Amino acid sequence: MDNSADSMDFDVLIIGAGLVGASLACTLEKVVMDQGLRLALVETHDLSQPRDIPPSFDARASALSWGTCCTYEQLGLWPDLIGQAAAITDVHISDKGSFGGARLRAFDEGVPALGYVVKNNVLGDVLLNRLRGFQKRGAMTIFSPDKVESLSPVTGGMKVQLGNSAVSASLVVLADGGRSGLMDQLGIGFEQRDYHQHGVIANIALDRPHNGMAWERFAGKGPMALLPLTADSQFEHQMGLVWTVPDEEIDHIDSLADDYFLALLQKRFGYRAGRFLAVGKRDRYPLTMRIAKEQVRPGLVILGNAAHAIHPVAGQGYNLSIRDTVALADNISISLERKIPVGDLGRLQEYWQQQLSDQSVTSRFCDGLVNLFSRTDSMSTLARNLGLVTFDYCHPVKSRFTRKAMGL
């Protein structure tokens with residue numbers, strides 16, 4: 001095989017058709033059409049078959065920042081999402097039982113919403129429908145269902161051993177969440193911090209409308225977030241819960257029957273958002289911060305949760321990945337314009353250096369929030385509440401903070 005860049009089967013091969021991998025493929029559509037990018041995608045699930053859709057009340061959701069929504073609008077995807085998205089018009093930040101609090105308002109920033117909450121199955125279907133259309137036009141090759149057995153560096157790119165065949169690409173983008181074992185195979189390690197906490201995720205039915213309000217409530221042993229959701233046939237008023245629970249409590253909370261779980265949640269959160277009436281399927285997962293020690297190599301980029309998994313306290317992880325995705329697509333387009341192989345290490349390092357500041361600031365910000373709001377001693381609580389009050393009245397600082405959270 002001639003392993004020069006021109007002889008590669010594809011310019012870009014994406015491993016993983018999750019939300020991040022599919023978003024990158026959609027972002028590269030214009031590059032394919034305008035610049036002739038040869039694009040392929042590998043996914044273990046059969047994308048031609050209908051997916052198992054969870055009951056609406058159990059469907060998990062993602063908070064999309066205003067910047068992410070603008071990205072999907074530019075890609076022509078937003079019209080298919082907006083009708084099933086719940087707007088976040090306000091964010092209320094408070095410390096239960098204390099005087100401190102702050103409120104972020106879309107009106108103050110001159111936008112209709114700070115972001116939107118979309119159920120993951122809805123977002124996934126919109127992305128995959130676009131990819132299927134892309135494939136039908138012959139603009140992209142999809143290997144599905146198929147699995148990457150191994151990745152091997154070769155001159156000009158990477159050799160990719162699939163289940164029944166082998167292909168090559170100038171650039172391989174690993175966007176499978178790091179679950180496939182390929183990163184271990186490549187010897188790419190992580191910097192990891194264990195928060196000794198678990199996240200509990202569920203959808204909650206309430207007795208009143210959320211009116212676009214999202215809540216970030218700090219209640220002693222860990223923050224709670226409630227995100228507005230669209231209604232369904234079961235419950236008119238719904239919110240998505242993300243509850244940070246210390247490791248020593250998780251088994252007890254996980255074992256509670258729904259009524260007892262709701263009672264404890266109500267006690268910890270209070271009644272500001274209303275009365276909690278029902279809870280959907282509950283999931284739990286350990287909370288760690290994991291950052292890949294390498295995000296680029298010759299012919300390789302690590303993207304999404306495989307590159308960085310951060311604490312969900314501020315809902316920034318997915319939005320950070322989408323900003324990385326847009327930057328990588330721009331990098332690929334410019335490489336083609338300059339007639340440089342898209343897997344060239346120098347070009348990929350430019351992408352990584354461009355995103356390093358955003359990744360570092362975002363991960364440190366979330367890590368700092370966890371530390372700040374996990375302390376329960378009286379001096380820390382007093383300082384935290386004074387800080388919230390000051391923050392709420394310092395409009396220039398609050399506006400900068402809000403726009404950063406919006407991905408602007």
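The structure this text deals with has already been given above.
The paragraphs below set out a description of the structure included in this document. Only a predicted model underlies this, so the values are computations on that prediction, with no experimental measurement involved.

1. Regarding the overall build of the chain
A count of helical and extended segments in the chain gives 12 helices and 20 strands. Computed over C-alpha atoms, the radius of gyration of the chain comes to 22 Å, within 12% of the 22 Å expected from 2.2 N^0.38 for 408 residues, which places it in the range of a compact globule. In terms of principal-axis extent, the alpha carbons of the chain reach across some 70 × 45 × 45 Å. Within the chain, the fraction of its 408 residues that count as buried is 54%. Accessible surface, the chain as shown: approximately 18000 Å² in total, 52% of it carbon and sulfur. Each charge class in the chain was averaged separately, 40 positive and 45 negative side chains, and the resulting centres sit 5 Å apart.

2. With respect to helix H8 (residues 258-269)
Helix length check: H8 (12 residues) gives 16 Å between terminal C-alpha atoms against 16 Å at 1.5 Å per residue, within 8%. When H8 is considered as a whole, its buried residues turn out to be Phe261, Leu262, Leu264, Leu265, Gln266, Arg268 and Phe269. Each element contacted by the buried residues of H8 is listed here: strand E12 (190-206), strand E13 (213-218), strand E14 (223-229), strand E15 (238-246), helix H7 (247-255) and strand E16 (276-279).

3. Some remarks on the packing of helix H1 (residues 19-27) against helix H9 (residues 317-337)
H9 packs onto H1 with a crossing angle of 30° between their chain directions and a minimal axis gap of 9 Å. It follows from the interaxial angle that H1 and H9 lie roughly parallel. As H1 runs across H9, the sense of the crossing is right-handed. Contacts between H1 and H9 involve Leu19, Val20, Ser23, Leu24 and Thr27 on the former and, on the latter, Tyr318, Ser321, Ile322, Thr325, Val326, Leu328 and Ala329. Broken down by class, the residue content of the contact of H1 with H9 amounts to eight nonpolar, four polar and no charged.

4. Regarding the sheet that holds strand E4 (residues 85-88)
Spatially, three strands are ordered E3-E7-E4 in an open sheet, and the strand pairing comes out antiparallel. Edge strands, defined here as strands with exactly one partner in the open sheet, are strand E3 (61-65) and E4. Averaged over neighbouring strand pairs, the angle between their axes works out to 25° when direction is ignored. Taken together, the five bridges between E3 and strand E7 (residues 115-119) define a ladder with antiparallel strand orientation. Paired with Ala63 across the bridge in E7 is Val117.

5. Structural notes on the side chain of Glu43
Summarising the element assignment, Glu43 is placed in the loop between strand E2 (39-42) and E3. For Glu43, a relative accessible area of 10% corresponds to the buried category. Looking at Glu43, its side chain comes within polar contact range of the main-chain nitrogen of Ala17, at 2.7 Å. Aside from chain neighbours lying at most four places away, what touches Glu43 is Gly16, Ala17, Gly18, Phe143, Ser144, Pro145 and Asp146.

6. Things to note about the packing of aromatic side chains
Enumeration over the complete set of coordinates arrives at six aromatic pairs. Each ring, one from Phe57 and one from Phe235, has its centre 4.6 Å from the other, and the planes form 45°; the classification is tilted. Highlighted residues: Phe57 in the loop between E2 and E3 and Phe235 in the loop between E14 and E15, separated in sequence by 178 residues. Residue Phe57 is classed as buried on the basis of its relative accessible area, which comes to 5%. Measuring from centroid to centroid gives 6.1 Å for Trp215 and Phe269, while their planes differ by 80°, and the two rings are edge-to-face. Separated by 54 residues along the polypeptide, Trp215 in strand E13 and Phe269 in helix H8 bring together distant segments of the chain. Taken together, the ring pairs connect Trp215, Phe269 and Phe276 into an aromatic cluster. The ring of Phe269 has Arg217 sitting right over it, with the charged end atom 5.7 Å from the ring centre. It is Arg282 that lies over the ring of Phe261; its NZ or CZ is 4.3 Å from the centre.

7. Details of unusual backbone geometry
In the segment running from Ser144 into Pro145, the intervening peptide bond is cis, with an omega of -5°. Note on placement: Pro145 falls in the loop between strand E8 (141-143) and strand E9 (148-154). Positioned with a positive phi, Asn211 is a non-glycine residue whose angle comes to about 55°. Position of Asn211 relative to the elements: it lies in the loop between E12 and E13.

8. A few points about the nonpolar core
Counting residues in hydrophobic clusters, the biggest one holds 75 residues, and the most contacted among them are Val12, Leu28, Leu39, Leu41, Tyr72 and Leu123. Looking at which element gives the most residues to this core, the answer is helix H5 (residues 120-136), with seven residues. Not counting chain neighbours up to four residues away, the residues in contact with Tyr72 comprise Ser23, Leu64, Leu77, Trp78, Leu81, Leu123, Leu127, Tyr318 and Ile322. Counting residues in each nonpolar core, the second largest holds 25 residues, with Val160, Leu174, Ile188 and Leu300 among its members.

Conventions used here
Along every chain, residues carry numbers that run from 1 in the direction the sequence is written. Totals for whole chains, interfaces and linings use every residue, but because this is a predicted model, local features are given only for residues with pLDDT of at least 70 and side-chain atom pairs only at 80 or more, for both listing and counting. Heavy atoms from the whole structure form the basis of all side-chain values; hydrogens and water molecules are not counted. Note on conventions: DSSP H or I runs of at least 4 residues are helices, E runs of at least 2 residues are strands, and numbering of each starts at the N terminus. With the radius of gyration taken over C-alpha atoms, the globule rule is written as 2.2 Å times the number of residues to the power 0.38. Burial classes: relative accessible area under 20% of the type maximum marks a residue as buried, over 50% as exposed, and values in between as partly exposed (1.4 Å probe, protein chains only). For every accessible area listed, the method is Shrake-Rupley and the probe measures 1.4 Å; residues are considered covered only by the protein chains on display. For the purpose of charge, His is not counted, nor are the chain termini; Lys and Arg are scored as positive and Asp and Glu as negative. Just so you know, the charge point we use is NZ for Lys, CZ for Arg, CG for Asp and CD for Glu. By this rule the span expected of a helix is its residue count minus one, scaled by 1.5 Å. Any two residues having at least one pair of non-hydrogen atoms within 4.5 Å are treated as being in contact. A fitted line through C-alpha atoms serves as each axis, taken over the contacting stretch for helices, and the angle formed by two N-to-C directions is quoted from 0 to 180°. By definition in this entry, angles of less than 35 degrees are roughly parallel, angles greater than 145 are roughly antiparallel, angles of 65 to 115 are roughly perpendicular, and the rest are oblique. In this scheme the handedness of a crossing depends on how the near helix is turned from the far one: anticlockwise by less than a right angle means left-handed, clockwise means right-handed. All residues other than Ala, Val, Leu, Ile, Met, Phe, Trp, Tyr, Cys, Pro, Asp, Glu, Lys and Arg, Gly among them, are scored as polar; the first ten of these are nonpolar and the last four charged. Strand pairing requires that DSSP identify at least two bridges connecting the strands. The definition of a polar contact used here is a pair of N or O atoms within 3.5 Å, where within protein one atom must be able to donate a hydrogen and the other to accept one, and adjacent residues in sequence count solely through side-chain atom pairs. Planes of paired rings set the category: under 30 degrees apart is stacked, over 60 is edge-to-face and the rest tilted, where pairs are Phe, Tyr or Trp rings (Trp by its six-membered ring) whose centres lie within 6.5 Å. Lysine and arginine charges are scored as sitting over a ring when NZ or CZ, respectively, is within 6 Å of the ring centre and within 35 degrees of the ring normal. In this text, buried Ala, Val, Leu, Ile, Met, Phe, Trp, Tyr and Cys residues form a nonpolar core when linked through side-chain atoms within 4.5 Å.

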